[in-house]
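# A structural walkthrough
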Amino acid sequence: PRSSTAMQSLVLLSSVRRSLFLSESDRARFLTQMMRGIRDILASRNGLQHEENYHEFCRLLGRLKSNYQLSELASAEVYAEWLELAATFTTTSFDQWQWSRNSIHYLLTLWGRLVAAVPYSHRANSSSSPNNRPVSLPSSSSSSPGGGRGGDDADLGRSMTSALSSSPPSPTAV
């Protein structure tokens, strides 16, 4: 569908260089608007029944963390809702892995980067900080790509949830 071209455009827009913004507040407003749009798509799931849209949307989620630091994402007013909806979307994607197998790695990249950035987050005391937001990720599924082993999925889910909900050490470097 033509909407996949629109999704591709959103992926490109999410990659706009920092130097194109006149100020950090302009960049923060842009990020908030981008996250609102993603939140709205996650909430409505409108258009995600098409495989091309779904794939591009997964690319968009993966790209977002590539271009913004965790502290920038966490400072957006819609962060908490965005994070919960992204976790639900990821869980659903794992459950439907046969259909989304070419897109899963973008979601894994997103969560891997979010978890890896937790120790460096400057927003450890904020209520919208990832440190205070436990996120439920998949534990196991008999239809998982690993042939129903479940244990690996359970370990992954526990590790990611624990990393996003525990207090990081004091940041010494960014």
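Up top is the structure these notes are about.
Attention here is on the structure that accompanies the text. Everything numeric here is computed off the predicted structure, so don't read it as measured data.

A word on the environment of Tyr68. If you trace the backbone, Tyr68 turns up in the loop between α3 (51–67) and α4 (70–75). Tyr68 gets classed as buried once you look at its relative accessible area, which sits at 3%. Those residues in contact with Tyr68 that sit more than four places away from it in its chain are Ser14, Arg27, Phe30, Leu31 and Leu73.

Its location among the elements puts Thr91 in helix α5 (residues 79–95). Sequence-wise, Thr91 and Leu107 are 16 residues apart; in three dimensions their C-alpha atoms are separated by 10.0 Å.

Ranked by size, the top nonpolar core spans 33 residues in total, and within it Met35, Ile38, Phe57, Leu64, Trp82 and Phe89 carry the most contacts. Contributing elements (two or more residues each) for this core: α1 (3–13), α2 (24–44), α3, α4, α5 and α7 (104–117). Setting aside residues up to four positions removed in sequence, Leu64 forms contacts with Leu31, Met34, Met35, Ile38, Leu73 and Trp82.

One pass over the structure, following the stated rule, counts four aromatic pairs. A centroid spacing of 5.3 Å and a plane angle of 40° characterise the contact between Tyr54 and Phe89, whose relative ring orientation is tilted. Of this pair, Tyr54 sits in helix α3 while Phe89 sits in helix α5, and the two are 35 residues apart along the sequence. For Tyr54, a relative accessible area of 4% translates into the label buried. An aromatic cluster is built from Tyr54, Phe57 and Phe89, whose rings are joined through pairwise contacts.

So, how was this worked out
- Residues numbered from 1 in each chain as written.
- Predicted model: local features only at pLDDT ≥ 70, side-chain atom pairs only at ≥ 80, totals over all residues.
- Heavy atoms only, no water.
- Helix = DSSP H or I, 4+ residues; strand = E, 2+ residues; numbered from the N terminus.
- Buried < 20%, exposed > 50% of the residue type's maximum accessible area, 1.4 Å probe, protein only.
- Contact = heavy atoms within 4.5 Å.
- Core = buried A, V, L, I, M, F, W, Y, C linked by side-chain atoms within 4.5 Å.
- Phe/Tyr/Trp six-rings, centres within 6.5 Å; stacked < 30°, edge-to-face > 60°.

Note that all results are geometric; they support no functional claim without further evidence.
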